[in-house]
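Here is what each chain is made of, one letter per residue.
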Amino acid sequence: MSAAISGAEILVKCLQAENVDTIFGYPGGSVLHIYDELFKQDKIHHVLVRHEQAAVHAADAYSRSSQRVGVALVTSGPGLTNAVTGIATAYYDSIPLVVISGQVPTFYIGQDAFQESDAVGITRPCVKHNFLVKDVKDLAETVKKAFHIARSGRPGPVLIDIPKDVTAHKTEFHYPDSVNIRSYNPVVKGHQGQIKKAAHLLLEAKRPMIYTGGGVILSDAAEQLTKLARYLGFPITNTLMGLGAYPGTDKQFMGMPGMHGTYEANMAMQHCDVLLAIGARFDDRVIGNPEDFATHPRKIIHIDIDPSSISKRVKVDVPIVGNVPDVLEELMKQLEAIGTKPDGAVAQWWETIADWRGRNCLKYRTSPGKIMPQSVVEKLWEVTKGDAFITSDVGQHQMFASQYYKFDKPRRWINSGGLGTMGVGLPYAMGVRYANPGATVACVTGEASIQMCIQELSTCKQYDVPVKIINLNNGYLGMVRQWQEMFYDNRYSHSYMSSLPDFMKLAEAYGHVGMRIERPEDVGPALELAFSDKHKNDLVFMDFIIDPTANVFPMVSAGKGLTDMVLADDHL
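Residues numbered from 1 in each chain as written. Predicted model: local features only at pLDDT ≥ 70, side-chain atom pairs only at ≥ 80, totals over all residues. Heavy atoms only, no water.

Caption draft 1: Up close: helix α11 (residues 263-271). Taking burial as the measure, the nine residues of α11 include eight buried ones, the bulk of the element. Residues of α11 that are buried: Y263, E264, A265, N266, M267, A268, M269 and Q270. (Buried < 20%, exposed > 50% of the residue type's maximum accessible area, 1.4 Å probe, protein only. Helix = DSSP H or I, 4+ residues; strand = E, 2+ residues; numbered from the N terminus.)

Below, the structure is given as structure tokens:
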């Protein structure tokens, strides 16, 4: 019989059994037993952030940029509530996380004790599942369940709320090899009949289109997708969350679809006769107005691990529930078994697409003596040879990065899609760097977003995290200003940031390298210096003072149809 050990030690041993090597967290009274056990071991590295929101964002990006479950540890009360934004961000993008929160002792729960909060109730709308562990004997199995739920099926964050007395109580430790959750059995293999039907439909298409989302990235199906797309020779578009699932420099790639997607991608989405949707959910930012989208008849094949996502916003003809890589491999087998290639009419479809591409929808105006944000991203792609991990915050800079940085590999583009959370960029960069030691990591941000988690410059200093920050500083809440210009008759209500810090000096105050770039001719040299061997081990904060009037185009206004696009031509 093995000796009894404390709940805190059990938790740490469970994490070690799950091969967790990094935790992002912030200590507090209710988790001090856990932190004491972390101190006694050396297999798990703990990163002390400066705010719990950043802990969850960093764990989130750790997961997005790898194939692992991210882990964050926070204390009770304000520790947990500070973490909720990070949890919700991961939830809306289906990111597998295990977030461990401390709780007041079990005998104080419900008595409004110091730093008590109803963690289970607060997080219920924004987690895949959550647990309150009331008995130390249940702790190991609960951790096993949490990791299983987080990474299987449609991934997502799972919360484990652990009262302080549970971490002190002792019991024998046994970590189960597997768990059986009777009510939770995600479908993995797609229906053979549906896959066969999809194969025939694809081969009969005259105007086909492949539309993929974040599900391809999360299921590590980029290889299967690329093989399928090249076999068929069809045009393909990746959503904001799916960029890199198919090489962005390939001739079949159409760019992003949707509100700020390319003209050719949106036109092809709207006018295709067969649409193959993979790991995507037809959200409002992609298809615009569903009624308008439905006015052009097409056959839709939809592959997704989550049955609730199929026919949720758009009715589909061939639903296939299953794990994306498994379904795509079976689909390829079916296509190869049939032995024919798509009809020659697809060549005419490519001619139509070439005409749409001729619009050159991503061209942008230039202003003498002013830095254009698009040009900064283009130069960033050139300097990093398209091989960096790029994180972003949310706003115009996010769209510029997604439009002008060509992602050829999956898990290189890390941003908040569903929730659209400002402040994620810097903690995301930290998480990426820990998941990918030695990698080139750049954070594209704006002067408003970066200030929301700018305290993490301190974390980067403590742990020598040498990410590069590209701050596209236009002195405004850029996307808010653009909407106010286009839809509110230029009434810039509270979108002007009139009291900005000197970011160069601020970076230097944190012990980093700061740069301020104000002239177009200095953009390239600044980026080359920042990414040179001279600053290989430095965090470099580049403050680019850009044209404050630059807007993101193309644009589909909210509530409009996909083809009702405003192009840069209309504003040049």
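Caption draft 2: Examining a nonpolar patch on the surface more closely. Taken together, Y91, Y92 and L419 make up a surface patch of nonpolar side chains, about 250 Å² in accessible area. Tracing the sequence through the fold places Y91 in helix α4 (residues 78-92). Residue Y91 is classed as partly exposed on the basis of its relative accessible area of 31%. (Patch = residues over 30% accessible without salt bridge, like charges linked within 9 Å, V, L, I, M, F, W, Y side chains within 5 Å. Areas by Shrake-Rupley, 256 points an atom, 1.4 Å probe, with all protein chains shown as cover. Salt bridge = Lys/Arg side-chain N within 4 Å of Asp/Glu carboxyl O.)

Caption draft 3: Layout of the packing of aromatic side chains. By the definition in use, this model includes 14 aromatic pairs. Pairing Y405 with F407 gives two aromatic rings, centres 4.9 Å apart and planes at 40°, and the pair type is tilted. Each member of the pair Y405 and F407 is classed as buried. Ring pairs connect the aromatic residues F24, Y62 and Y434, which therefore count as one cluster. (Phe/Tyr/Trp six-rings, centres within 6.5 Å; stacked < 30°, edge-to-face > 60°.)

Caption draft 4: Structural context of the environment of Q224. Summarising the element assignment, Q224 is placed in helix α10 (residues 222-232). Residues Q224 and A277 lie 53 residues apart in sequence; the distance between their C-alpha atoms is 14 Å. Excluding residues that lie within four positions of it along the chain, Q224 makes contacts with P325, L328 and E329. (Contact = heavy atoms within 4.5 Å.)

Caption draft 5: Quick peek at the sheet that holds strand β17 (residues 468-473). Taken in spatial order, the six strands make up an open sheet running β15-β14-β16-β17-β19-β18, and their pairing is parallel. Looking at which strands have only one partner, the edges of the open sheet turn out to be β15 (413-414) and β18 (513-517). As judged from the two bridges shared by strand β14 (residues 389-392) and β15, these two strands associate in the parallel manner. Bridged to T391 within β15 is I414. Strand contacts of helix α16 (residues 373-383): β14, β16 (441-446), β17 and β19 (540-545), with the helix running at about 165° to β17, the strand carrying the most contacts. Of the strands in this sheet, β17, β18 and β19 are in contact with helix α22 (residues 523-530), which crosses β19 at around 170°. (Pairing = 2+ DSSP bridges. Axes fitted to C-alpha atoms, helices over the stretch in contact; angles between N-to-C directions.)

Caption draft 6: Representation of the packing of helix α3 (residues 52-64) against helix α18 (residues 425-435) within the structure. Remark: α3 packs on α18, axes separated minimally by 7 Å, with the N-to-C direction vectors making an angle of 45°. For the element pair α3 / α18, the angle class is oblique. In this structure, the crossing between α3 and α18 has a hand that is right-handed. Along its contact with α3, which presents A54, H57, A58, D60, A61, Y62 and R64, the element α18 presents P427, Y428, M430, G431, V432, Y434 and A435. Along the lines of polarity and charge, the residues of the contact of α3 with α18 split into ten nonpolar, two polar and two charged. (Parallel < 35°, antiparallel > 145°, perpendicular 65-115°, else oblique. Left-handed = near helix turned anticlockwise from the far one by under 90°. Nonpolar A, V, L, I, M, F, W, Y, C, P; charged D, E, K, R; others polar.)

Caption draft 7: Geometry of the pattern of salt bridges. Enumeration according to the criterion identifies 22 salt bridges in this entry. With a shortest N-O distance of 2.9 Å, D547 and R365 are connected by a salt bridge. Separated by 182 residues along the polypeptide, D547 in the loop between β19 and β20 (555-556) and R365 in the loop between α15 (345-357) and α16 bring together distant segments of the chain. Take D547: its relative accessible area is 1%, and that puts it in the buried class. One salt bridge connects D387 with K409, and the closest N-O pair in it is separated by 2.9 Å. Remark: K409 occurs in the loop between α17 (396-404) and β15 and D387 occurs in the loop between α16 and β14; sequence separation between them is 22 residues. Assessed through its relative accessible area of 37%, D387 is described here as partly exposed. For K409, a relative accessible area of 39% corresponds to the partly exposed category. Within this structure, E18, K144 and R151 form a network of salt bridges that share partners.

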